[in-house]
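Secondary and tertiary structure notes
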Amino acid sequence: MKLVITEKPSVARSIAAVIGAVEKQNGYWQGGGYLVSWCIGHLVSFAEAGQYDEKYCKWKYEDLPIQPQPWQFIVPDEKKQQFEIVRSLLNRSDVDSVTAATDAGREGELIFRFVYQMAGCTKPVKRLWISSMEDAAIREGFANLRPDSDYDALYQSALCRAKADWLVGINATRLFSVLYHKTLTVGRVQTPTLKMLVDRDAKILRFQKEKYYTVGIQSGSLKADSGRIASMDEANTLKSTCAGTSAICTSIKRERKAEQPPKLYDLTTLQREANRLFGFTAKQTLDYAQQLYEKKLLTYPRTDSQYLTEDMGQTAQHLVSDLLGLLPFAQGLDLTPEVGRILNSKKVSDHHAIIPTAEFAKQGFTGLAESECKLMNLVCSKLLCAVTAPHEYETVTAVFSCAGNEFTTKGKTVLILGWKEIDQRFRSTLKADTEEEVLNTLPELAEGQSFSVTANVSEHYTSPPKAYTEDTLLSAMERAGAEDMPENAERKGLGTPATRAAILEKLVQMGFVQRKGKQLVPTKDGINLAVILPESLTSPVLTAEWENRLTEIAKGNADADEFMAEIEAQVRQLVKTYSCIS
């Protein structure tokens, strides 16, 4: 018998159906020489501090730092029943091999290995690594199973991430809670994220708006503006000087420009755009995408790649032509897809970009909830945009001289609509707020041309920085610390595409951040926490550096023991430095 272990019951059901394990048993499926069982997320977790020593049940400064040696594991009570089922299957005498079919990523690898080790199993393990839940992809995955030892480095990276989070979370939370006599929850990624929100909030509060003026001159439909003018008197003087005189066109600069098609979605760009267009939170987008993945309509969502592998050209070609017939907003489009734009195997690590599946092209939107339809439309329109010609336009900058002062106007003319035609068609179907681009088409102009003008003064104010939305915060998390990282750093930023949504949710649940419409704003508790913690815990640079190291460990280019030794030293140093509040 071959035993297959998945991460979720729904995935087990899909895989079981494809490989012929159709008899339902208690906690697993059976048939065709296979047993298919499942975890429920993390079946096995790190033990609580109190399990290492009774004294850790109380929070005391003298007992810090807590650094387990060796690490202990537990099965939470609510998961014991399923763990026992999986354990007995792993140790069944007629099971001769095991297939790890948990999600194909860092966390999925950890979930499987913990269960396998806790069950005391030593049977050979193969790894199923797929990017789609379609029947064909599952069959192909089973035809190309790899030894799980090929993923040892990925597991080491996952283990380091989990241990580092535990060490920093437990020790920093206890340390600052004891010092300040109240529970202050600290996290390796959530605390620097909170600090970014708090810093932005402080900038908004400190902002002093300044008034300034501009003078505009006008001749028929032609309008041009001066730069900023600080005082009203100066602006009025300029207006009087220009009124009723002539302006001469002194220079015209024409530039032809091309805006390349957008790349395909990775999880972060999908979350950002769904937030901007539909107001979905990052977690909602991930949940909907996961549901669509399990329904076989969307490829694996937790990806950080925006490309497909080079062997997927044919697949993409078929998909595009199927979608042109399926999507209402694409009817009558004349499109010759340039699929080569979206293929680049070097830029795909674990999973390729998020695209619809062939199953979706067959089935369409039938039976999908409104939120799922919105997300599918978004992903489909992005694929079509990505394989369409660039958007080409011409910009014109004209400078006029009037009463010894310079006035400027800018215009834009579209030459080839390109991918923006699809984008505009798609956006016109949305009930969301989408900003229409207003084109300023200038009349024919020539240098030396003279115009009689009227003049006016307008009053403006400088704008404060904007509060973060999930869209802009996800972007900031992705770029955090990037300017301080080496150019060739593989992964920059806070967290990973797969974890960022959960971090934002946690900050909201713990009462450190609140949602105000689309905005994310720190609460009083959040501000107080970020202000008292040391830079080593709030600096995005440090956490971004860790994330990069974890990626290097996953690729086999960095040493896991060395990384853990540094984390442990950092935790010891933290406890030593903050023995009391100065």
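Bear in mind the structure is a predicted one, so any value in this text is a computation, not a measurement.

**Focus on the overall build of the chain**
The helix and strand tally for the chain stands at 19 helices and 18 strands. Taking the principal axes of its C-alpha atoms as reference, the chain extends roughly 100 × 70 × 40 Å. Buried positions account for 51% of the 582 residues belonging to the chain. Element-wise, carbon and sulfur atoms account for 49% of the exposed surface of the chain, whose accessible area totals about 27,300 Å².

**Some points on the pairing of strand β3 (residues 28-31)**
Where burial is concerned, the two faces of β3 agree: the one with Tyr28 and Gln30 and the one with Trp29 and Gly31 are both buried. Bridging between strand β2 (residues 23-25) and β3 involves three bridges; their strand directions are antiparallel. Within β3, the position partnered with lysine 24 by the bridge is tryptophan 29. In this structure, β3 lies alongside strand β4 (residues 34-38), joined through four bridges in antiparallel fashion. The partner of glycine 31 across the bridge, within β4, is tyrosine 34.

**Regarding the state of the cysteines**
This model, assessed by the stated rule, comprises zero disulfides. Of the cysteine sulfurs around cysteine 385, a residue in no disulfide, the closest is that of cysteine 380, at 11 Å.

**A few points about the nonpolar core**
Core analysis: the largest hydrophobic core is formed by 83 residues, its most contacted members being Leu90, Trp166 and Phe563. The dominant element in this core, judged by the number of residues it contributes, is helix α5 (residues 152-180), at 14 residues. Other than its neighbours up to four places away in sequence, tryptophan 166 contacts Phe46, Ala47, Glu48, Ala49, Tyr52, Ile66, Pro68 and Trp71. Counting 48 residues, the second largest nonpolar core, distinct from the first, contains Phe280, Ile355, Leu378 and Val387.

Thresholds applied
Residues numbered from 1 in each chain as written. Predicted model: local features only at pLDDT ≥ 70, side-chain atom pairs only at ≥ 80, totals over all residues. Heavy atoms only, no water. Helix = DSSP H or I, 4+ residues; strand = E, 2+ residues; numbered from the N terminus. Buried < 20%, exposed > 50% of the residue type's maximum accessible area, 1.4 Å probe, protein only. Areas by Shrake-Rupley, 256 points an atom, 1.4 Å probe, with all protein chains shown as cover. Pairing = 2+ DSSP bridges. Disulfide = S-S within 2.5 Å. Core = buried A, V, L, I, M, F, W, Y, C linked by side-chain atoms within 4.5 Å. Contact = heavy atoms within 4.5 Å.

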